[in-house]
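Residues per chain, in single letters:
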Amino acid sequence: MSLNPVRPWRNVYRRKSRQIMVGKVPVGGDAPISVQTMTNTDTSDVKATLDQVLRAADVGADIVRVSTPDEASTKALKEICRESPVPIVADIHFHYRRAIEAAEAGAACLRINPGNIGDEKRVREVIAAAKDHGCSIRIGVNAGSLEKHLLEKYGEPCPEAMVESALEHIRILEDNDFREYKVSVKASDVFLSAAAYQALAEATDAPLHLGITEAGGLISGTVKSAIGLGNLLWMGIGDTIRVSLSADPVEEVKVGYEILKSLGLRTRGVQIISCPSCARQGFDVIKTVEALEKRLEHIKQPMSLSIIGCVVNGPGEALMTDIGFTGGGAGSGMIYLAGKQSHKMSNEQMIDEIVRLVEERAEKLAAEAQAAEAAAQ
Ligand code: SF4
């Protein structure tokens, strides 16, 4: 991510982590912060799982995790990994056989804690399978399932216990000459999670996977994740994120992107800036924004759009956005392009006109990106 010399108060200085690969997606170093989600289908139902993976990928998921609790799931994983447009992480808890099967099936990463899979021989077998098949590993420490000896030592889940657990698992991988790993220390408590991640960021240079676990439903979980992940990302901590919501995985991806967009860490699609509306509005702002969000969902190119009810804030916001509309009087408003007044438009035709302008700009940006890519080859 490039730093902003004009507005230094917007800069986020990312912690320097080493980079690993999750399939074709780099995680850590200067790689863009990736967005993950997890399927909630029965993994052995290949069609349902792939459908969910595709929907998540379509809204921008870079990596998707799939639970593999039994042999039927690791069998299904082969087709899922083959057909998926994004790398698949296999979520395994204790069964070392499932880990080996998942690596053989094409998983790009195994989510497994090496300290929980049994004796050294089993650990070595899993690591060998990961090496043979080019899998990375995510160590996933969770405050709710800390090892007994750490709970006895610390009395309750605390940042120190979580980091110690992570370092114990890290040591096992390092002792086996395995460095393609990333780490998470999740808790449902924002304070605990944030403190654990801060301490872990000091203790290792491994890339960190951020998450507030069991965050809650769409609204409460979004707020909690935005506070927890938002603070850490603002501090420069975090290389890949997953927002955990009791909601459709597609929502998790959208929320993840919104958090990154808010911090200027990543851009994708149209970022709408809109006012809450009041008696001064020259058109129905809320209904318009709802309609535009739906109609612009397919846009992948980054751009900003301001939809403001009246001239109190409209021209000012339009100055800082690519496309803008400001409500006026007598059933029409003003369209702005790159901060400058462009043309008047009636309230009835305004949504169609904005969609047209956004699509036109998206096409232009895509063509420019293609040309730049061709020139670089
Ligand atoms: S921009 Fe105008 S319409 Fe929107 S909230 Fe402010 S005063 Fe009200």
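Now for a quick tour of the structure. It should be emphasised that the depicted structure is a prediction, and the values quoted were computed from it without experimental measurement.

## With respect to the overall build of the chain
If you tally the helices and strands in the chain, you get twelve helices and 15 strands. The C-alpha atoms of the chain give a radius of gyration of 23 Å, which matches the 21 Å a tight globule of 377 residues would have. Principal-axis analysis of the C-alpha atoms gives the chain an extent of 75 × 45 × 40 Å. In the chain, which comprises 377 residues, the share counted as buried stands at 52%. Counting only contacts in the chain whose residues sit at least 6 apart along the sequence, the fraction spanning at least 24 positions is 62%. When the accessible surface of the chain is totalled, it reaches about 17,800 Å², and 52% of it is carbon and sulfur. The chain carries 43 positive and 50 negative side-chain charges, and their two centres are separated by 2 Å.

## Remarks on the site of the ligand
Every residue near the ligand is listed here: Cys275, Ser277, Cys278, Gln281, Ile308, Gly309, Cys310 and Asn313. When the residues that make up the shell around the ligand are grouped by side-chain class, the tally is four nonpolar, four polar and no charged.

## Regarding a nonpolar patch on the surface
On the surface, Leu218, Ile219, Val223 and Ile227 cluster together to form a nonpolar patch covering roughly 380 Å² of accessible area. Inspection of the secondary structure puts isoleucine 227 in helix α8 (residues 218-234).

## Some words on the sheet that holds strand β11 (residues 270-274)
Taken together, five strands build an open sheet; the order of strands is β11-β12-β13-β14-β15 and the sheet is mixed. Each having just a single partner strand, β11 and β15 (340-346) make up the two edges of the open sheet. The sheet shows a mean angle of 20 degrees between the axes of neighbouring strands, taken without regard to direction. Two elements, strand β13 (residues 323-327) and strand β14 (residues 332-337), share five bridges in a ladder whose sense is antiparallel.

## Observations regarding the side chain of histidine 169
As for its position among the elements, histidine 169 is in helix α6 (residues 159-175). Residue contacts for histidine 169: discarding those within four places in its chain leaves Asn113, Pro114, Gly115, Asn116, Ile139, Val141 and Glu147.

## Structural notes on the nonpolar core
One finds Leu77, Leu110, Met162, Val183 and Leu233 to be the most contacted residues of the largest nonpolar core, which totals 79 residues. The contact partners of valine 183, leaving out residues within four places of it in the chain, are Ile139, Ala166, Ile170, Tyr197, Leu200, Ala206, Pro207, Leu208 and His209.

## Details of the sheet that holds strand β5 (residues 88-91)
Reading across the sheet, the eight strands line up as β8-β7-β6-β5-β4-β3-β10-β9 and stay open at both edges, with parallel pairing between neighbours. The sheet terminates laterally at β8 (181-186) and β9 (209-210), the two strands that pair on one side only. Bridge analysis of β5 against strand β6 (residues 109-111) gives three bridges, and the strand direction is parallel. Opposite aspartate 91, over in β6, you have arginine 111 as the bridge partner.

## Quick look at the pairing of strand β3 (residues 34-38)
Summarising burial for β3: five of the five residues are buried, a large majority. Note: β3 against strand β10 (residues 240-242), three bridges, orientation parallel. For glutamine 36, the partnering residue across the bridge sits in β10 and is arginine 242. Bridge count between β3 and strand β4 (residues 63-67): three bridges; the pairing is parallel. Each bridged residue has a counterpart across the sheet, and for glutamine 36 the counterpart in β4 is isoleucine 63. The β-α-β motif built from β3, the intervening helix α1 (residues 46-58) and the parallel element β4 has right-handed crossover chirality.

## Re the pattern of salt bridges
Scanning the entire structure with this criterion turns up 25 salt bridges. Across the salt bridge formed by aspartate 322 and arginine 361, the nearest N and O atoms sit 3.5 Å from each other. With aspartate 322 in the loop between α11 (314-319) and β13 and arginine 361 in helix α12 (residues 347-376), this pair connects stretches of sequence that are 39 residues apart. Within this structure, Arg18, Glu174, Arg179 and Asp205 form a network of salt bridges that share partners.

## Structural notes on the packing of aromatic side chains
Under the defined criterion, the tally for this structure stands at one aromatic pair. On the numbers, 5.2 Å between centres and 75 degrees between planes, the contact of phenylalanine 283 with phenylalanine 325 is edge-to-face. One end of the pair, phenylalanine 283, is in the loop between β11 and α10 (285-295); the other, phenylalanine 325, is in strand β13, and 42 residues separate them in sequence. On the basis of relative accessibility, which here comes to 7%, the residue phenylalanine 283 falls in the buried class. It is arginine 18 that lies over the ring of tyrosine 181; its NZ or CZ is 4.6 Å from the centre. The positively charged end of arginine 268 is found above the aromatic ring belonging to tyrosine 257, 5.9 Å away from the centroid.

## Structural notes on helix α9 (residues 249-262)
Between its first and last C-alpha atoms α9 spans 20 Å; for 14 residues at 1.5 Å apiece the expected length is 20 Å, and the two agree. In terms of burial, α9 is largely enclosed, as ten of its 14 residues are buried. Regarding α9, the residues found buried are Pro249, Val250, Glu252, Val253, Val255, Gly256, Tyr257, Ile259, Leu260 and Lys261. Among the structural elements, β3, α1, α8, β10 and β11 are those in contact with the buried residues of α9.

## Things to note about helix α3 (residues 96-105)
Each turn of an α-helix holds 3.6 residues, which means side chains three or four residues apart point in the same direction. Summarising burial for α3: eight of the ten residues are buried, a large majority. For α3, the full list of buried residues reads Tyr96, Arg98, Ala99, Ile100, Glu101, Ala102, Ala103 and Ala105. Residues of α3 that are buried make contact with α2 (71-83), β5, β6 and α4 (120-132). Two residues or fewer past α3, glycine 106 is found with a positive phi of approximately 110 degrees.

Conventions we followed
- Residues numbered from 1 in each chain as written.
- Predicted model: local features only at pLDDT ≥ 70, side-chain atom pairs only at ≥ 80, totals over all residues.
- Heavy atoms only, no water.
- Helix = DSSP H or I, 4+ residues; strand = E, 2+ residues; numbered from the N terminus.
- Rg over C-alpha atoms; globule rule 2.2 N^0.38 Å.
- Buried < 20%, exposed > 50% of the residue type's maximum accessible area, 1.4 Å probe, protein only.
- Contact = heavy atoms within 4.5 Å.
- Areas by Shrake-Rupley, 256 points an atom, 1.4 Å probe, with all protein chains shown as cover.
- Lys, Arg positive; Asp, Glu negative; His and termini not counted.
- Charge placed at Lys NZ, Arg CZ, Asp CG, Glu CD.
- Near = heavy atom within 4 Å.
- Nonpolar A, V, L, I, M, F, W, Y, C, P; charged D, E, K, R; others polar.
- Patch = residues over 30% accessible without salt bridge, like charges linked within 9 Å, V, L, I, M, F, W, Y side chains within 5 Å.
- Salt bridge = Lys/Arg side-chain N within 4 Å of Asp/Glu carboxyl O.
- Pairing = 2+ DSSP bridges.
- Axes fitted to C-alpha atoms, helices over the stretch in contact; angles between N-to-C directions.
- Core = buried A, V, L, I, M, F, W, Y, C linked by side-chain atoms within 4.5 Å.
- Right-handed = clockwise from strand over helix to strand, strands pointing away.
- Phe/Tyr/Trp six-rings, centres within 6.5 Å; stacked < 30°, edge-to-face > 60°.
- Lys NZ or Arg CZ within 6 Å of the ring centre and 35° of its normal.
- Expected span 1.5 Å × (residues − 1).

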